[in-house]
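# Structural overview for review
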Amino acid sequence: MREQFDAVTIEDCRKFTGAKWQQYGPEALALWVADMDFPIAPEIQQAIQERITHHIGYPQHGGDPELQQAIVDRMQERFGWEIQTKDIMMIPGVVRGLYGGVMALTQPGEGVITQTPVYPPFLMSIENTGRTVQANPMVYTPEGWQLDFDQLEAVVTPESKVLMICNPQNPTGRVFTRAELERLAEFVLQHDLLVISDELHADLIFEGQHTVFASLSPEMEQRTLTLYGPGKTFNLAGLGMGFIISRNPALLAKVRKATVGMLPEPNVLSMAGTLAAYTRAQIWEQEVVAYLKDNRDHLNARLKAELPEVKTASPEGTYLQLLDFTAYPFAAEVQKTLLAGGVALNDGPPFGKGYQGYVRLNFATSKQILDEALDRLVATVRQHAPTV
């Protein structure tokens, strides 16, 4: 399969109408929105094609039992977390889970604490529903991005109701250690908070081990909505499938009440593809994670050798990396500057206040495309001397 990943060309990527390669026109190389440029696993393709040949009627309420059981099995086998099928709510994508969780667990004006920089829909789901963002900025250190527990204690107020976390963290690529998560759990109990934990990238791990936040203790299980799904790991974002998992039926009931009439039943093709992903595509998954790790290492070797003034930390998970260009005179317009040089990346400000001068790079592409993008990026940056 490595040969198939290596073989992906710019021309291949431009054939399709998806957002990634169409948004910025035919001249730019698209290393921005978080999906992969690789074709999906043949087992998933076959399952979807087979499902199309069957009756496409209404799905069972709550989703196919076979898929529900596959999720239960995956949680146990991957993460040592025991759940039951009744603990799963299928949703058409994790972003809906962010919005549904915020609406269900808080009231307008109440506070939601989250670490920044963070995937923009975290902040959007808080702001667009009339809640208050209580940002807990992470700290960049020589060892990489770290949680700021002192600031976390400073930001919490009596209006704080929810801690919303992203682990593995998008866009920094951190995979939080069990000790870090346990310290967050202590904070949650101390301040009587509920938790929304986005663990969509939990299978894309290069270093360390993913710990499901809710699995830390029975107390955390009762306080937590866990968001998970196949979209990132198996490149199925366009199918629209995700899960809200909670061992507390009252929390799931609140989500259902808050989103009644707004979240459709699971799509039958999405369920067929997800079931195949979780039960038949293990080899493809292993090989794509290995390929992504090689891309990560290659990217960071080139950045260190060719652009040492760019501050960055090699991600422990995800296929996303945050780059700090604040040493350069074009930092205020870094995304536009790099786009003019032929590379489309995500701009920093949507990830939180204070991230102007940062961009997020997606390295889930073939090595040939990654190298061409890096060649363009280096050529553009070298036209501008860093600020002393």
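Nothing here was measured: the structure is a model prediction, and the numbers come from that model.

## Observations regarding the sheet that holds strand E14 (residues 346-347)
- Read across the sheet, four strands follow the order E11-E12-E15-E14 without closing on themselves; strand pairing throughout is antiparallel. Since the sheet does not close on itself, it has two edges, and those belong to strand E11 (311-312) and E14, each with one partner.
- Here strand E12 (residues 320-324) pairs with strand E15 (residues 358-362) via five bridges, running antiparallel. Directly across from Leu322, in E15, lies its bridge partner Arg360.
- The strands touched by helix H13 (residues 282-306) within the sheet are E11, E12 and E15, with E12 carrying the most contacts at an inclination of about 10 degrees.

## A word on the environment of Leu236
- Within the fold, Leu236 resides in the loop between strand E9 (224-228) and strand E10 (242-245).
- For Leu236, a relative accessible area of 6% puts it in the buried group.
- Counting along the chain gives 37 residues from Leu236 to Gly273, while the straight-line C-alpha distance between them is 8.3 Å.
- Leu236 has contacts with Ile40, Ile44, Pro230, Gly231 and Gly273, leaving out every residue within four places of it along the chain.

## A short note on the side chain of Gln134
- Take Gln134: it is sitting in strand E4 (residues 132-137).
- In this structure the side chain of Gln134 is engaged in a polar contact, spanning 3.1 Å, whose partner is the side chain of Thr157.
- Contacts of Gln134, omitting those with residues within four sequence positions, involve Gly111, Val112, Ile113, Thr114, Val155, Thr157 and Ser160.

Cut-offs used in this document
Residues numbered from 1 in each chain as written. Predicted model: local features only at pLDDT ≥ 70, side-chain atom pairs only at ≥ 80, totals over all residues. Heavy atoms only, no water. Pairing = 2+ DSSP bridges. Helix = DSSP H or I, 4+ residues; strand = E, 2+ residues; numbered from the N terminus. Contact = heavy atoms within 4.5 Å. Axes fitted to C-alpha atoms, helices over the stretch in contact; angles between N-to-C directions. Buried < 20%, exposed > 50% of the residue type's maximum accessible area, 1.4 Å probe, protein only. Polar contact = N/O pair within 3.5 Å; in protein donor to acceptor, adjacent residues only side chain to side chain.

So yeah, pure geometry; function would need other evidence.
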